[in-house]
Amino acid sequence: MSTAGAAFGDRLAAVFAERGRLCVGIDPHAHLLADWGLAASAAGVREFGLRVVEAASSRAGIVKPQVAFFERFGAAGYAALEEVIAAARAAGLLVIADAKRGDIGTSVTAYAEAWLTPGSPLEADAMTVAAFQGVGSIAEPMRLAESAGKGLFVLAATSNPEAAAIQQAVVADGPRAGMTVARAIIEDVHSFNQDQPPHAFGTVGLVLGATVRLADYGIDTSVSRTPAVPVLAPGFGHQGAKVEDVPRLFGALASGVIVSESRGLLGAGPDGIAAAIDARAGEVRAAHA
């Protein structure tokens, strides 16, 4: 089925139905490059990324290149990333650029234009963003995503321990007063999605770690939302979360969960990654049957 020109939420629903919910991280850590027999260079991350794309192309529906691992090699690293993203999209994979950009005004708009503008050298299907200055600071990227048929994933409850103090802090005033920062982000994202034309999933999603207890962040997982919110959920595999626990971990949010795994799959090496992706994708499909 062609999804050209469709909203991101509708394309995500199609990927879930046709290829499943597994998202394969493309994280060329230095130790993984060495394990794969590749140089710690732009050429090495290019080869690594293209091999992951090849392994994922007929076995999963989503890939998530971690931009930082390419960026460390400067212009050549970005050129490598452009090739990896282009190859993934040509293979029909949905690409989430894990860029975690955040700022205000024209600066954050420029970040969004780099990753979400159709025809851009770095064009992805979605990107991760940070809204430390408030969800209002990413209003223009949200508008751009909606108009371009792209998606955003806003950091809300992440698994790194040092984030908890901020994400669990309580908003002092305004319409979200009394809510945790994480809960306020969820409500602001949902409010934006409700105001857009109807899609199978909202244009703007959330990053919610699969290894955190969402109740500790003031998040009520019993609340159903329309449209359903896409949830990029890192933490599966190597980090300990299990795919069969998605309903228990995410409750009413489970329908939008993207099961993201990186090291547990990449650690299988160049000769084993295809089989590892195939096995994990099967587990994810079975868990959501």
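Our structure's up above, just so we're on the same page.
A. Quick look at the packing of helix H3 (residues 42-56) against helix H5 (residues 74-90). Between H3 and H5, the least distance of the axes is 9 Å, while the angle of their chain directions is 10 degrees. Relative to H5, the element H3 is oriented roughly parallel. Seen from H3, the contacting residues are Ala42, Val45, Arg46, Gly49, Leu50 and Val53; seen from H5, they are Ala76, Gly77, Ala80, Glu83, Val84, Ala87 and Ala88. Looking at the contact of H3 with H5, its residues break down into nine nonpolar, two polar and two charged.

B. Here's a closer look at the layout of surface pockets. Roughly 460 Å³ of internal volume is contained in the largest pocket. Taken together, 25 residues line the largest pocket, and the ones lying closest to its centre are Lys64, Asp98, Lys100, Pro234 and Gln239. Where the lining of the largest pocket is concerned, the elements lending two or more residues are strand S3 (94-101), strand S7 (231-234), strand S8 (257-261) and helix H11 (263-266). Taken together, the residues of the lining of the largest pocket sort by class into six nonpolar, 13 polar and six charged.

C. Region of the structure containing the side chain of Gln167. Here Gln167 shows up in helix H8 (residues 164-167). Taking the relative accessible area as the measure of exposure, Gln167 reaches 10% and is therefore buried. From its side chain, Gln167 meets the backbone nitrogen of Thr158 in a polar contact 3.0 Å long. Other than its neighbours up to four places away in sequence, Gln167 contacts Ala156, Ala157, Thr158, Thr180, Val181, Ala182 and Tyr217.

D. Expanded view of the pattern of salt bridges. Scanning all chains against the criterion turns up 17 salt bridges. Between Arg11 and Asp125 there is a salt bridge, and its shortest N-O distance comes to 2.8 Å. Of this pair, Arg11 sits in helix H1 (residues 8-19) while Asp125 sits in the loop between helix H6 (105-116) and strand S4 (126-129), placing them 114 residues apart in sequence. The class of Arg11 is buried, set by a relative accessible area of 11%. What makes Asp125 buried here is its relative accessible area of 3%. As a salt-bridge pair, Arg176 and Asp188 come within 2.8 Å of each other at their nearest N and O atoms. Remark: Asp188 occurs in helix H9 (residues 181-194) and Arg176 occurs in the loop between H8 and H9; sequence separation between them is 12 residues.

E. Structural view of the packing of aromatic side chains. Applying the stated criterion across every chain, the model contains three aromatic pairs. With a centroid separation of 6.0 Å and an interplanar angle of 85 degrees, the aromatic rings of Phe8 and Phe153 are classed as edge-to-face. One end of the pair, Phe8, is in helix H1; the other, Phe153, is in strand S5 (residues 151-157), with 145 residues separating them in the sequence. A residue is classified by how much of its surface remains accessible, and Phe8, at 1% relative accessible area, is buried. Taking 4.3 Å as the distance between ring centres and 40 degrees as the angle between the ring planes, the aromatic pair formed by Trp36 and Phe48 counts as tilted. Here Phe48 lies in helix H3 and Trp36 lies in the loop between helix H2 (30-35) and H3, a separation of 12 residues in the sequence. With respect to burial, Trp36 and Phe48 carry one shared label: buried. The ring of Phe16 has Arg21 lying over it, and the distance from NZ or CZ to the ring centre is 4.3 Å.

How each quantity is defined
Along each chain, residue indices are assigned from 1 in the same order as the chain's sequence is written. In keeping with the predicted nature of the model, local features appear solely for residues at pLDDT of at least 70, side-chain atom pairs appear and are counted solely at 80 or more, and the whole-chain, interface and lining totals rest on all residues. Think of the side-chain values as coming from all heavy atoms in the structure, minus any hydrogens and water. Every angle, taken between N-to-C directions, lies between 0 and 180 degrees, and every axis is a line fitted to C-alpha atoms, over only the stretch in contact when it is a helix. Only DSSP runs of H or I with at least four residues qualify as helices, and only runs of E with at least two residues qualify as strands; both kinds are numbered from the N terminus onward. For classification purposes, angles smaller than 35 degrees are called roughly parallel, those larger than 145 roughly antiparallel, those between 65 and 115 roughly perpendicular, and all remaining angles oblique. Contacts: residue pairs with any heavy atoms within 4.5 Å of one another. Under this grouping Gly is polar, as are all residues other than the nonpolar Ala, Val, Leu, Ile, Met, Phe, Trp, Tyr, Cys and Pro and the charged Asp, Glu, Lys and Arg. Within this scheme a cavity is a closed region of a 1 Å grid, computed over the protein atoms alone, that accommodates a 1.4 Å probe without allowing it to escape, whereas a pocket is open but has protein on both sides within 12 Å along at least five of seven lines; lining residues each have an atom within 4 Å of a point. Grid points are joined across faces, edges and corners, and a volume is the space filled by probe spheres set on the points. Summary of the burial criterion: residues with accessible area below 20% of their type's maximum are buried, those above 50% are exposed, and those between are partly exposed, where the area comes from a 1.4 Å probe applied to protein chains only. Within 3.5 Å is the distance limit for a polar contact, defined as a pair of N or O atoms, with the added protein rule that one can donate a hydrogen and the other accept it, and that residues adjacent in sequence qualify only through two side-chain atoms. Criterion for a salt bridge: a side-chain nitrogen of Lys or Arg within 4 Å of a carboxyl oxygen of Asp or Glu. The pairing test for Phe, Tyr and Trp rings, Trp by its six-membered ring, is centres within 6.5 Å, and the orientation test on the planes gives stacked under 30 degrees, edge-to-face over 60, and tilted for anything in between. Two conditions define a charge sitting above a ring: the NZ of Lys or the CZ of Arg must be within 6 Å of the ring centre, and it must be within 35 degrees of the ring normal.

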